[in-house]
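# Coordinate analysis (summary)
Take a look at the letters that make up each chain.
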Amino acid sequence: RAIEVIGRRLAELRERQAELRERAGETGVQRDAVRRRHEEARTRLENTRRRLGEIEVEETEIRVRRENVAEALRRDADADEATALAAPRPEIEGVDPDADLEAVVQDLEARLRRMGPVNPLAAQEYAELEERYDFLQDQLNDLEKSRDELERVIAALDDEIQSRFLQAFEEVAAAYEQNFAVLFPGGVGRIRLTDPNEPLTTGVEIQAQPLGKKVSQLSLLSGGERSLAALAFLFAVFKARPSPFYILDEVEAALDDANLRRFLRLIEAFRHDAQLIIVTHQQQTMEAADVLYGVTMEPGGSSKVVRKELKSAETPASEGSVPA
């Protein structure tokens, strides 16, 4: 009986144990759920505390911004908050009047950020540059006026130069034809402009055609003929623009006797209007002169200048004397 009693008691204890284990399992599940809720609550508490700190910081920033705005209003606009809030909304170019102010502010702030940093001395620098620009503009205007005036003066000078050049050219051309006829009897000599439409830039072409010759270039003439053509042009310039005296240095050195006599006829035509000083070794040229100047050296002596008037040195042929 004792064993049976113990058995029944043992069975009861086992049932009690199973029931307690089952209750312990349920309690463990409930404990885990409570722990999870506790962790979640603690997490929410930390998030709430962090958010509270952020809100406190935002509140501080907003309060500081409000104080700054109020101070800026008092400093810049001399107004308080109530006056600023009661002021009408300003009209901004390119902004819809009915648009959200917050969006407008954000857009303006974005535009300011894109503009970059602002130079506080920009207004002063702009004023200095504007003053410098005005000064340079005035200088430029003066230069342009001076340039226009110079262009008018240059145009007037060009017209005067062109007029005088054409006049001188016509006179030289006419004199050249006369001189050429003296130096080349029966020949034809002309002077023409290579570009008559542009007198200021034109070239001058000299034509010389002795009697019986047909030449297209001066280089085809003989040396004496070229010298005579050059002398015809030179004396044409002398005649067009006369001078009290002329100095010629062996200009007839390349001429033979026949051409030299023609040159002397040209000299004879000029000697009545001007004095000619000719450096020469030609005897015919010396004989045509009024006064001779030479350098001589006596035996054992030094060189000296000799002057002799040919008219006073002439002696009648009947006396049988020879000219000095």
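The shown structure was predicted, so the numbers you read here are calculated from the model rather than taken from an experiment.

### Looking at the nonpolar core
Buried together is how nonpolar side chains tend to be arranged in soluble globular proteins. Counting 30 residues, the largest nonpolar core has Tyr176, Leu183, Leu228, Leu231, Phe235 and Phe263 as the members making the most contacts within it. When contributions to this core are tallied by element, the ones reaching two or more residues are α4 (122–183), β1 (188–193), α5 (223–240), β3 (245–249) and α6 (257–270). For this core, the element with the highest residue contribution is α5, accounting for 8 residues. Those residues within four positions of Leu183 in sequence are excluded, and the remaining contacts are Leu228, Leu231, Ala232, Arg262, Phe263 and Leu266.

### Describing helix α1 (residues 2–77)
The α-helix advances 3.6 residues per turn, and as a result positions three or four apart in sequence lie on the same side. With 76 residues, α1 should reach 112 Å at 1.5 Å per residue; the first-to-last C-alpha distance of 107 Å fits that figure. When we look at burial in α1, the residues that qualify are Gly28, Ala33 and Ala70. Where the residues of α1 are buried, they touch α2 (81–86). Where α1 terminates, the next one or two residues include Asp78, which has phi positive at roughly 55 degrees.

### Considerations on the side chain of Thr202
Mapped onto the elements of the fold, Thr202 is located in the loop between β1 and β2 (204–209). There is a polar contact of 3.2 Å between the side chain of Thr202 and the side chain of Thr194.

### Considerations on a negative patch on the surface
Side chains of Glu125, Glu128, Glu130, Glu131, Asp134, Asp138 and Asp142 sit close together on the surface and give a patch of like negative charge. Look at Asp142 and you get partly exposed, because its relative accessible area is 42%.

### Describing the pattern of salt bridges
The final tally for this structure, using the stated rule, is 14 salt bridges. Among the ionic pairs, Arg31 bridges to Asp32, the shortest N-O distance being 3.8 Å. Exposure remark for Arg31: the relative accessible area of 45% places this residue in the partly exposed category. Across the salt bridge formed by Arg147 and Asp148, the nearest N and O atoms sit 3.9 Å from each other. Each of Arg51, Glu54 and Glu58 takes part in salt bridges that share partners, so that together they form one network.

### Regarding the packing of α4 against α5
Running from N to C, α4 and α5 cross one another at 135 degrees; their axes reach a closest spacing of 8 Å. The orientation of α4 relative to α5 falls into the category oblique. Crossing of α4 over α5 shows right-handed handedness. Residues Glu171, Val172, Ala175, Tyr176, Gln178, Asn179, Phe180 and Leu183 of α4 lie in contact with α5, whose contacting residues are Leu228, Ala229, Leu231, Ala232, Phe233, Phe235, Ala236, Val237, Lys239 and Ala240. Of the residues contributing to the contact of α4 with α5, the split by class is 14 nonpolar, 2 polar and 2 charged.

### A few points about the pairing of β1
If a strand is regular, its side chains alternate between the two faces of the sheet. Where burial is concerned, the two faces of β1 differ: the one with Gly189, Ile191 and Leu193 is buried and the one with Val188, Arg190 and Arg192 is not. The pairing of β1 with β2 spans 6 bridges and is antiparallel. Among the inter-strand pairings, Ile191 is bridged to a residue of β2, identified as Ile206.

The rules behind the values
- Residues numbered from 1 in each chain as written.
- Predicted model: local features only at pLDDT ≥ 70, side-chain atom pairs only at ≥ 80, totals over all residues.
- Heavy atoms only, no water.
- Core = buried A, V, L, I, M, F, W, Y, C linked by side-chain atoms within 4.5 Å.
- Buried < 20%, exposed > 50% of the residue type's maximum accessible area, 1.4 Å probe, protein only.
- Helix = DSSP H or I, 4+ residues; strand = E, 2+ residues; numbered from the N terminus.
- Contact = heavy atoms within 4.5 Å.
- Expected span 1.5 Å × (residues − 1).
- Polar contact = N/O pair within 3.5 Å; in protein donor to acceptor, adjacent residues only side chain to side chain.
- Patch = residues over 30% accessible without salt bridge, like charges linked within 9 Å, V, L, I, M, F, W, Y side chains within 5 Å.
- Areas by Shrake-Rupley, 256 points an atom, 1.4 Å probe, with all protein chains shown as cover.
- Salt bridge = Lys/Arg side-chain N within 4 Å of Asp/Glu carboxyl O.
- Lys, Arg positive; Asp, Glu negative; His and termini not counted.
- Charge placed at Lys NZ, Arg CZ, Asp CG, Glu CD.
- Axes fitted to C-alpha atoms, helices over the stretch in contact; angles between N-to-C directions.
- Parallel < 35°, antiparallel > 145°, perpendicular 65-115°, else oblique.
- Left-handed = near helix turned anticlockwise from the far one by under 90°.
- Nonpolar A, V, L, I, M, F, W, Y, C, P; charged D, E, K, R; others polar.
- Pairing = 2+ DSSP bridges.

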